[in-house]
Amino acid sequence: MNRILVLCIELVLVSCHIHGFLWKKKCSGEWTIGTKPAIFEENVKLTCSFGDDCNCPSAKRKIKWTGGQQKNLLIYDGVSKYPLKYTESLETDSFSLMIKNFSKEDINVNYACHCGFKSFKKELSLNKDEFEKHPTKQSQHADFSLVNGVASVSINMNDVYPIPTCIAKLNMKNVTFNINTIKGNMFYSANISLHVAVPECLHATLEIECKFGTTNIMVFGKPLSKNNCTYRKVKLNWEIVYIPAIVACIAICISVALLYMYLKKKNGSSHPSEKKEDLKEESKFLP
């Protein structure tokens with residue numbers, strides 16, 4: 001009898017353990033980055049979702065967020081401890097943490113979402129596939145000059161991510177340039193140096209565009225012109241119109257002169273024979 005009772009208890013415990021294991025497995029949760037790409041100095045959302053059997057979020061199970069740069073409670077049951085930095089939103093089968101003005105202090109730290117007694121925690125790690133940091137007016141400086149038909153551009157961009165890939169174009173044609181990147185503690189500094197010859201009297205536009213992750217940004221754009229372009233254009237037009245006319249006039253004059261000389265020479269060679277014929281005619285009438 002005692003052995004049967006022990007077996008029954010063991011069966012109940014095993015059943016409870018299996019049921020608890022299966023419920024825990026079905027009720028596992030995870031948060032992911034809901035804003036893609038996640039851009040620094042903008043709002044970034046983390047979305048937490050548990051299994052369908054967890055019934056999260058619901059009125060019966062309180063939800064909260066912990067961690068971040070504060071490393072403690074951020075939001076509990078819809079109430080933010082730091083409302084200027086964190087807010088919460090609820091969806092049908094998930095709930096999200098909105099991090100405002102995302103900064104470097106918000107990265108490489110742990111965040112945890114909780115639903116009732118269940119929770120999921122992991123580090124929000126910086127990676128080039130999901131995060132971008134773009135240049136700003138404060139972090140970017142450009143110098144430009146146009147001397148003796150050569151345009152020179154120097155651009156310094158600090159605290160950008162990931163390493164940018166750039167192209168430079170003069171009137172939509174690619175031109176070569178140099179770009180150097182330096183790795184900082186977290187972000188990069190990029191230096192662009194470009195020197196390109198600009199043809200005279202060409203209405204040109206010089207543009208430099210860089211790609212940060214998946215975002216293309218025009219970091220430099222300027223129309224180019226030269227002071228003597230109008231004068232040279234007028235001179236060019238004068239040459240096109242008048243030089244062919246002058247050449248044609250000279251050719252005509254030379255042709256007329258040659259024709260005149262030819263005719264004069266021909267007439268001069270025919271005079272002696274004409275005089276002999278005249279003398280013969282006159283001799284007929286003499287006695």
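From a predicted model like this one, the values you see are computed outputs, not experimental measurements.

## Here we look at the overall build of the protein
- In terms of regular secondary structure, the protein is built from three helices and 19 strands.
- When each of the 287 residues of the protein is scored for burial, the buried share is 27%.
- Within the protein, counting contacts between residues at least 6 apart in sequence, those at least 24 apart form 56% of the total.
- Of the roughly 19,700 Å² of accessible surface on the protein, 58% is carried by carbon and sulfur atoms.

## Description of the sheet that holds strand 13 (residues 150-160)
- Here we have four strands laid out as an open sheet, ordered 12-13-17-16, and antiparallel in their pairing. Edge positions in the sheet fall to strand 12 (140-147) and strand 16 (178-183), since each has one partner strand and no second. Adjacent strand axes in the sheet meet at a mean angle of 10°, parallel and antiparallel pairs treated alike.
- In this structure, strand 16 lies alongside strand 17 (residues 188-197), joined through six bridges in antiparallel fashion. Bridged to Lys183 within strand 17 is Tyr188.

## Examining the side chain of Ser152
- By secondary structure assignment, the location of Ser152 is in strand 13.
- Aside from chain neighbours lying at most four places away, what touches Ser152 is Asp143, Phe144, Ser145, Leu194 and His195.

## A few points about the side chain of Thr47
- Considering the arrangement of structural elements, one finds Thr47 in strand 3 (residues 44-50).
- At 3.0 Å, the side chain of Thr47 forms a polar contact with the side chain of Ser96.
- The contacts of Thr47, once residues within four sequence positions are left out, are Glu30, Trp31, Thr32, Gly34, Ser94, Phe95 and Ser96.

## Regarding the environment of Lys173
- For Lys173, the position within the fold is in strand 15 (residues 173-175).
- Distance from Lys173 to Glu207, taken between C-alpha atoms, is 9.9 Å for residues 34 residues apart in sequence.

## Side note on the confidence of the model for the protein
- Summarising the model, the protein shows a mean pLDDT of 81, and 76% of its residues fall at 70 or more.
- Ignoring residues within four places in sequence, the model shows residues 5-25, a span with pLDDT below 50, making four contacts including any to other chains.
- Within the model, the stretch residues 282-287 combines pLDDT values under 50 with zero contacts to residues more than four positions away or in other chains.

## Regarding unusual backbone geometry
- For the bond from Lys36 to Pro37, the omega torsion is -5°, close enough to zero to count as cis.
- Turning to its location among the elements, Pro37 is positioned in the loop between strand 1 (29-33) and strand 2 (38-39).
- The peptide bond linking Tyr161 to Pro162 adopts the cis configuration, its omega dihedral lying at -10°.
- You can see Pro162 is positioned in the loop between strand 13 and strand 14 (165-170).
- One non-glycine residue with positive phi stands out, namely Asn108, at about 60°.
- Among the secondary structure elements, Asn108 is positioned in the loop between strand 8 (95-99) and strand 9 (109-115).

Criteria and cut-off values
Residues numbered from 1 in each chain as written. Predicted model: local features only at pLDDT ≥ 70, side-chain atom pairs only at ≥ 80, totals over all residues. Heavy atoms only, no water. Helix = DSSP H or I, 4+ residues; strand = E, 2+ residues; numbered from the N terminus. Buried < 20%, exposed > 50% of the residue type's maximum accessible area, 1.4 Å probe, protein only. Contact = heavy atoms within 4.5 Å. Areas by Shrake-Rupley, 256 points an atom, 1.4 Å probe, with all protein chains shown as cover. Pairing = 2+ DSSP bridges. Axes fitted to C-alpha atoms, helices over the stretch in contact; angles between N-to-C directions. Polar contact = N/O pair within 3.5 Å; in protein donor to acceptor, adjacent residues only side chain to side chain. pLDDT = per-residue confidence, 0-100.

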